[in-house]
Amino acid sequence: MNHGPSVEVRSVDLREVALPLVRPFRTSFGEEREKRAILVRADCGEVQGWGECVASPEPRYSEEWLDGAWAVLAGYLGPSLLSGGPVSDPADVGRRLAWVRGHRMAKAAVESAILDAWLRSQDLSLSRWLGGVRDRVPCGVSVGIAATPEAMLEEIGGYLARGYRRVKLKIEPGRDVEVVRRIREALPDTPLSVDANAAYSLADAPVFEALDELGLVMIEQPLDHEDLADHARLQARLRTPLCLDESIRSAADARAAIELGACRVINIKPGRVGGPLEARRVHDAAMAAGIPVWIGGMLETGVGRAQNLALASLPGVTMPGDTSASDRYFDEDLTEPFVLESDGTMMVPSGPGLGVEPLEGRLSAVTVRAHTVSGP
Ligand code: OSB
Ligand code: MG
């Protein structure tokens, strides 16, 4: 038992926000024109903490979705947290919520909010507490599917001019090899990767063998999210490293994928694995096995972005993340904007906790629903 500092949660506020995206974001599973998120605020009296739930409006990326996350937060996770007494160790949050099966994105938002409050009560930054070793991190950018390769190239040109260090192209069946080949011809030296969001099967191996010739840094989540065995079979046929995103929901999944040879890189998203603590466990498991990791993204507002940047400062994070600047997503973020340095890096927040919080006026302007879970 840890007898260090503790916080007592008095109420949990949920706010659903909707922010217009600067451009639609299209993947193999659909298109988003606005970013909707649930912000969780843990009121701990002297200190407040914030977390962002990355569940999408529809259950396409994973089985979680925004309204489901709202219901489980309001009906189960919020009340369980409030009934358990003070939190003296951030790992208590996960233990207290463990009786709820799944719902990792909802749990992650609660854990993030409590951790933020707990760190603020000690004036300690998330990056430092996690064990971060960098104060700025290299950033990449994820580019949605567009009508033509030329349209994607124009968008990419803008990102490269700003300094992004790696460009990830979304692909789907029918918009893959030809598009990527055209972009590779125009940009022979740019670090490029592709992300299929699980849209293919092993019968499509010829698509990946063709992509294997294009000098990609990695191929992200080509196959079904539940099929580690087929990913291992595909990896054995390719030189290009496979990276898993959707398939990795825990450190246990990461260990299984690595042992099977299903990937050579892992994309870590704290929401997908149930919170920042499990994200660090995935990092630790990969690092122990010599597998490079990077921090993915879910088009987060500044609240989630701050957490992603803190995770990106960990020592095993050796590849640029999808941790892009606020202006890649929004005209106006929810927090002070995150800005890309001209060398393609971004500062890791160094203030207490997340180091940022929603701007009050901005938050009320974009809130579409609010609910408070109060103590017993
Ligand atoms: O697969 O990495 C993905 C966004 C939403 C859902 C899934 C993914 C993504 C991205 C965007 O690629 C990354 C970002 O810029 O936040
Ligand atoms: Mg992905």
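It should be noted that the structure appears before, not after, this text.
Criteria and thresholds
Residues numbered from 1 in each chain as written. Chains lettered and ligands numbered in written order. Predicted model: local features only at pLDDT ≥ 70, side-chain atom pairs only at ≥ 80, totals over all residues. Heavy atoms only, no water. Pairing = 2+ DSSP bridges. Helix = DSSP H or I, 4+ residues; strand = E, 2+ residues; numbered from the N terminus. Axes fitted to C-alpha atoms, helices over the stretch in contact; angles between N-to-C directions. Donors = N, O, S within 2.8 Å, 3.2 Å for Na, K, Ca; no water. Buried < 20%, exposed > 50% of the residue type's maximum accessible area, 1.4 Å probe, protein only. Core = buried A, V, L, I, M, F, W, Y, C linked by side-chain atoms within 4.5 Å. Contact = heavy atoms within 4.5 Å. Parallel < 35°, antiparallel > 145°, perpendicular 65-115°, else oblique. Left-handed = near helix turned anticlockwise from the far one by under 90°. Nonpolar A, V, L, I, M, F, W, Y, C, P; charged D, E, K, R; others polar. Near = heavy atom within 4 Å. Polar contact = N/O pair within 3.5 Å; in protein donor to acceptor, adjacent residues only side chain to side chain. Areas by Shrake-Rupley, 256 points an atom, 1.4 Å probe, with all protein chains shown as cover. Phe/Tyr/Trp six-rings, centres within 6.5 Å; stacked < 30°, edge-to-face > 60°. Lys NZ or Arg CZ within 6 Å of the ring centre and 35° of its normal. Arc of directions from axis to C-beta.

**Q** Got a minute to help me understand the sheet that holds strand β2 (residues 30–44) in this structure?
**A** What links the strands of a sheet is backbone hydrogen bonding, and the strands pair in either a parallel or an antiparallel sense. If you trace the four strands from one edge of the open sheet to the other, you get β3-β2-β1-β13, paired in antiparallel fashion. The sheet is open, and its two edges are formed by β3 (47–53) and β13 (367–374), each paired on a single side. Each neighbouring strand pair of the sheet contributes to a mean axis angle of 25°, computed without reference to strand direction. Across seven bridges, strand β1 (residues 11–27) lies against β13 in antiparallel orientation. Paired with Glu16 across the two strands is Arg369, which belongs to β13.

**Q** Explain the coordination of the magnesium ion (ligand 2) here, please?
**A** Octahedral metal centres with six donors ideally show angles of 90 or 180 degrees, and tetrahedral centres with four donors ideally show 109.5 degrees. Summarising the metal site, the magnesium ion (ligand 2) is bound by the protein donors Asp195 (OD), Glu220 (OE) and Asp245 (OD), whose distances to it range over 2.1 to 2.2 Å. Counting along the primary sequence, the residues that act as donors to the magnesium ion (ligand 2) give the motif D-x24-E-x24-D. Taken together, the positions of Glu220 in strand β8 (residues 218–220) and Asp245 in the loop between β9 (242–244) and α9 (251–260) put the pair 25 residues apart, joining distant regions of the chain. Using a relative accessible area of 0% as the deciding quantity, one classes Asp245 as buried.

**Q** Would you mind going over unusual backbone geometry with me for this structure?
**A** Excluding glycine, residues mostly have negative phi values, and the peptide bonds linking residues are mostly trans. Residue Asp123 is not a glycine yet carries a positive backbone phi of 60°. Mapped onto the elements, Asp123 comes out in the loop between α3 (104–120) and α4 (126–130). Judged by its relative accessible area of 62%, Asp123 is exposed.

**Q** I tried to follow the nonpolar core on my own but got confused; where do I start?
**A** One broad rule of soluble globular proteins: the nonpolar side chains tend to lie buried together. Within the largest apolar cluster, 121 residues are counted, with the highest numbers of intra-cluster contacts made by Ile38, Ile114, Leu169, Ile183, Leu211 and Ile266. Broken down by element, the residue count for this core peaks at ten residues, all from α3. With residues near it in sequence (within four places) discarded, Leu169 still touches Val143, Met152, Ile156, Val180, Ile183, Leu192, Ser193, Val194 and Asp195. Counting five residues, the second largest nonpolar core, distinct from the first, contains Met218, Val265, Trp294 and Met319.

**Q** In this structure, what is going on with the packing of helix α1 (residues 66–82) against α3? I would like to understand it.
**A** Helix packing for two helices is described by the angle between their axes and how far apart those axes are. Orientation of α1 relative to α3, taken along the N-to-C sense of each, is 45°, at an axis distance of 9 Å. With respect to their mutual orientation, α1 and α3 come out oblique. As α1 runs across α3, the sense of the crossing is right-handed. The residues of α3 that touch α1, namely those facing Ala69, Val72, Leu73, Leu77 and Leu81, are Ala106, Lys107, Val110 and Ile114. For the contact of α1 with α3, a count of residues per class yields eight nonpolar, no polar and one charged.

**Q** Quick question: what am I supposed to make of the sheet that holds strand β5 (residues 141–143) here?
**A** Judged by pairing direction, the sheet is parallel, and its seven strands sit side by side in the order β5-β6-β7-β8-β9-β10-β11 without closing on themselves. Single-partner strands in this sheet number two, and they are β5 and β11 (293–295). Shown here is a sheet whose adjacent strand axes are inclined to one another by a mean of 25°, direction ignored.

**Q** Quick question: what am I supposed to make of the site of ligand 1 here?
**A** Neighbouring ligand 1 are 16 residues, the closest being Ser142, Lys170, Asn197, Leu299 and Tyr329. At 2.9 Å, a side-chain N or O of Ser142 approaches an oxygen atom of ligand 1. Note that an oxygen atom of ligand 1 is positioned 2.9 Å from one of the side-chain N or O atoms of Asp195. Contact with the protein chains covers 99% of the free accessible surface of ligand 1, which is 390 Å². By residue class, the composition of the shell around ligand 1 is six nonpolar, three polar and seven charged.

**Q** Would you mind going over the packing of aromatic side chains with me for this structure?
**A** Counted under the stated rule, the structure contains six aromatic pairs. Between Trp118 and Trp129 the ring centres are 5.9 Å apart and the planes differ by 75°, which places this aromatic pair in the edge-to-face class. Of this pair, Trp118 sits in helix α3 while Trp129 is found in helix α4, placing the two residues eleven residues apart along the sequence. The ring centre of Trp129 lies 4.7 Å from the NZ or CZ of Arg280, which sits over that ring. Directly above the ring of Trp70 sits Arg369, whose terminal nitrogen or CZ lies 4.1 Å from the centroid.

**Q** Sorry if this is basic, but what is going on with the environment of Ser342 here?
**A** Residue placement: Ser342 occurs in the loop between α12 (302–312) and β12 (345–347). Judged by relative accessible area, which is 72%, Ser342 ranks as exposed. Once residues lying within four places of it in the same chain are set aside, the contact partners of Ser342 are Arg162 and Gly163.

**Q** Sorry if this is basic, but what is going on with helix α6 (residues 177–186) here?
**A** Val177, Val179, Val180, Ile183 and Arg184 are the residues of α6 that are buried. Along the axis of α6, the buried positions cluster into a sector of 165°, meaning they face one direction only. Counted as exposed and oriented over 90 degrees from the buried face of α6: Glu178 and Glu185. Looking at the buried side of α6, the elements it contacts are α5 (149–162), β6 (167–170), β7 (192–195) and α7 (205–211).

Coordinates in, geometry out; function isn't part of it.
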